[in-house]
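Here is how the chains run, residue by residue.
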Amino acid sequence: MSFALTADREQKLAELLTRYSTKMAACIPLLHLCQEQNGWVSPDVVDFVARKLDLPPAHVQGVVTFYSLFNQKPVGKHQVWVCRTLPCALRGAGAVLHQCEKKLGIHAGETTSDGKITLRTAECLASCGTAPMMQVDQDYFENLTTAKVDEILDRLRK
Amino acid sequence: MIKRTEFLSKVYGLANGHSLDVYEREVAGYATARNVLTSMTPQQVVDEAKKANLRGRGGAGFPMGVKWSFMRPHPTKPSYLVINADEGEPGTHKDRTIMEWNPHSVIEGCIIGCYAIGAHVAYIYVRDELHLSKARLWGAIAEAKAKGYLGATPFGKAYPVEVYVHTGAGAYICGEETALINSLEGKRGEPRLKPPFPAQAGVYGCPTTVNNLETIAAVPSAFRMGCDEFSKLSALHAINDGGFRLYGINGHVKKPGVVELGVGPTLNELIYDIGGGVTGDRKVMCVIPGGSSTPVLRPEETVDAPDEKSPLHAWHGKSVFDVPLGVDTMRGVGTMLGTCCITVLAEGTCPVLAMHNLMQFYRHESCGQCTPCREGGAWLLRTVDKLLDNNATMQELDQLHDIANNIMGNTICAFGEGTAMPALGFLKKFRPEFEAYVRGERNRKDATLTPS
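Parameters and conventions
Residues numbered from 1 in each chain as written. Chains lettered and ligands numbered in written order. Predicted model: local features only at pLDDT ≥ 70, side-chain atom pairs only at ≥ 80, totals over all residues. Heavy atoms only, no water. Contact = heavy atoms within 4.5 Å. Buried area = accessible area lost by both parts, 1.4 Å probe. Salt bridge = Lys/Arg side-chain N within 4 Å of Asp/Glu carboxyl O. Polar contact = N/O pair within 3.5 Å; in protein donor to acceptor, adjacent residues only side chain to side chain. Helix = DSSP H or I, 4+ residues; strand = E, 2+ residues; numbered from the N terminus. Buried < 20%, exposed > 50% of the residue type's maximum accessible area, 1.4 Å probe, protein only. Pairing = 2+ DSSP bridges. Axes fitted to C-alpha atoms, helices over the stretch in contact; angles between N-to-C directions.

Engineer: Just give me the short version of the interface of chain B and chain A, but keep the residues and values in it.
Structural biologist: At the interface, 57 residues of chain B touch 40 residues of chain A. With both sides pooled, the region where chain B packs onto chain A buries about 3,700 Å², and carbon together with sulfur makes up 59% of that total. When the buried area of chain B at its contact with chain A is split by residue, Arg96(B), Ala169(B) and Arg188(B) rank highest and sum to 15% of it. Across the contact surface, chain B and chain A share one salt bridge. Glu142(A) is the salt-bridge partner of Arg96(B), the closest N and O atoms lying 3.3 Å from each other. Counting across the chain B and chain A interface gives 27 residue pairs in polar contact (both at pLDDT 80 or more). Put simply, the parts of the chain that give the side of chain B that touches chain A at least two residues each are α7 (131–146), β3 (162–167), α8 (177–184), β5 (244–251), β8 (341–346) and α13 (351–365) of chain B.

Quick look at the structure:
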């Protein structure tokens, strides 16, 4: 089945293209737009973006594999990213990740069996002064304790 | 010397502090851009900017005014201003505060910057994870546009300026300016060979200046008070390192956070006066002075500058923790100021485990273009991993130095140095701890990053 953007996202794309001198420059923003709708960047999405921007599909595929935020396979409804890099690790990121894994019954990199939550580790998310932290979808949760982690995950699973 | 200032941070924490109303009310926002555009020529702006001694806040510390002066108008091509807000250096958390709490300083800085270098479009490259930052910047752009500060005739002057937010998609390397430009053009974020430098061929092959977000946000303040006065806010004004900066404190301190100070506090002042001391009242084991790519400093280290002409001579024999933090002073003590956010590691932390954590980061974030960095980073990580398992020999420990030294200088961009320098820093300054793993006197099970 071929991929198509919803009407409002098509409009966003038209606006996007006015910002740049080349169509190629809209590649990453358009991939974000597609992933927002589709959940991941499927082969159909790659073809769609290539056609829209007059690019070889190989170029688009190259971009997709370079950036860690583009999902190359389906993921859960919610994305949980736990920062694991040193400044967070010094303030207990290890315990935060452990708590997430225990609570969700999965390891980092996996999705819960009900398809609700994908748990991953992230490299530094620029929140070192409020460590440890995790990102849930678009929101940052900072100065975490295991109790706070429980509360956040409980809310997410409802 | 600690000198608190409030140029950027005055609106932090105020109700609606990020709005145009508050920005105009509290710090006379946009009056400076109006004044610059309506009363100065671009050349005058660049000349004035040089007096600020504003060293790039992204890590390399290149003087902003000098960088602006590299821009030459091209007969057919437009020029671009690109703002680097791909904040992702481990231990760095300053730019986010500006975007979230004072986005208008960035927009006003962009207007002045565009005018100075002859650009009509500025792109602010923000890492995609920072959703609130992006929303605040777009909000600020919309407000400024509605008032006529951006668009075809900012402040009534026929000098069109547009500002756009562009996002990445999760790649630390896009903080390197040429990788950022590739990413902005819709490509894989792989750094380019220099020359040509961005000032000759940047975005779409056109003349481009890339400034760090904190650098451009400081521009309105510098021009408001006069760039010479701005420079004098710094304790290191005499060695051309001027103004105020945002200092970040994180890791094992009681009060982590971000604080705005005149350039030149010491590590001891940041840890004890600002950070409230070390967690659990432990001693400091070491400090990473400006993001994970900068080699660690230990409190026992002293300054060795017997030559009276050395800029560090005044601190000869003193602890490196008592030297004012500046671009050149940190270079003088064998490390770098970097992004100016310090990470404190308390006694009891395992330095081998800390290095292992950072090597995981560099292994993950290498773009893979250059063999020494791609393979070397992975090799460093594998060897430290073996070491933690008590499976490495003394020869392999020595080999870590060779691997790191063979990355250095052999790659397209500075990411290679960014991997090798902190690795060598840990290896040289914690040799006994590394050897203890070879001899089986320490093991991974007892190693911790969170000494209680």
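Additional details are given in the paragraphs that follow.
Engineer: Give me the lowdown on α8(B), citing residues and values where you can.
Structural biologist: All names here are of chain B. Counting buried residues in α8 gives eight out of eight residues, a clear majority hidden from the surface. All buried positions along α8 are accounted for by Glu177, Thr178, Ala179, Leu180, Ile181, Asn182, Ser183 and Leu184. At the exit of α8 stands Gly186, carrying a positive phi of roughly 90°.

Engineer: So, the sheet that holds β8(B): which residues are in play, and what are the values?
Structural biologist: Residue and element names in this part refer to chain B. One open sheet holds the four strands; their spatial order is β6-β5-β8-β7, and the pairing between them is mixed. Two strands lie at the open edges of the sheet, namely β6 (257–262) and β7 (284–288), each paired on one side alone. Going from strand to strand, the sheet's axes swing by 25° on average, the running direction of each strand aside. For β5 and β6, the ladder comprises six bridges, and the chain directions are antiparallel. Its bridge partner lying in β6, Leu246 is registered against Glu260.

Engineer: Pulling in residues and values, what's your account of the pairing of strand β1 (residues 79–85) of chain B?
Structural biologist: All names here are of chain B. Taking burial as the measure, the seven residues of β1 include seven buried ones, the bulk of the element. Every second residue of β1 is oriented toward a common face, with Ser79, Leu81, Ile83 and Ala85 on one face and Tyr80, Val82 and Asn84 on the other, all of them buried. Summarising the sheet, β1 and strand β2 (residues 119–126) pair through seven bridges and their orientation is parallel. Paired with Ser79 across the two strands is Ala119, which belongs to β2. As paired elements, β1 and strand β4 (residues 208–212) share five bridges and run parallel to each other. In the sheet register, Val82 faces β4, and the bridge partner there is Val210.

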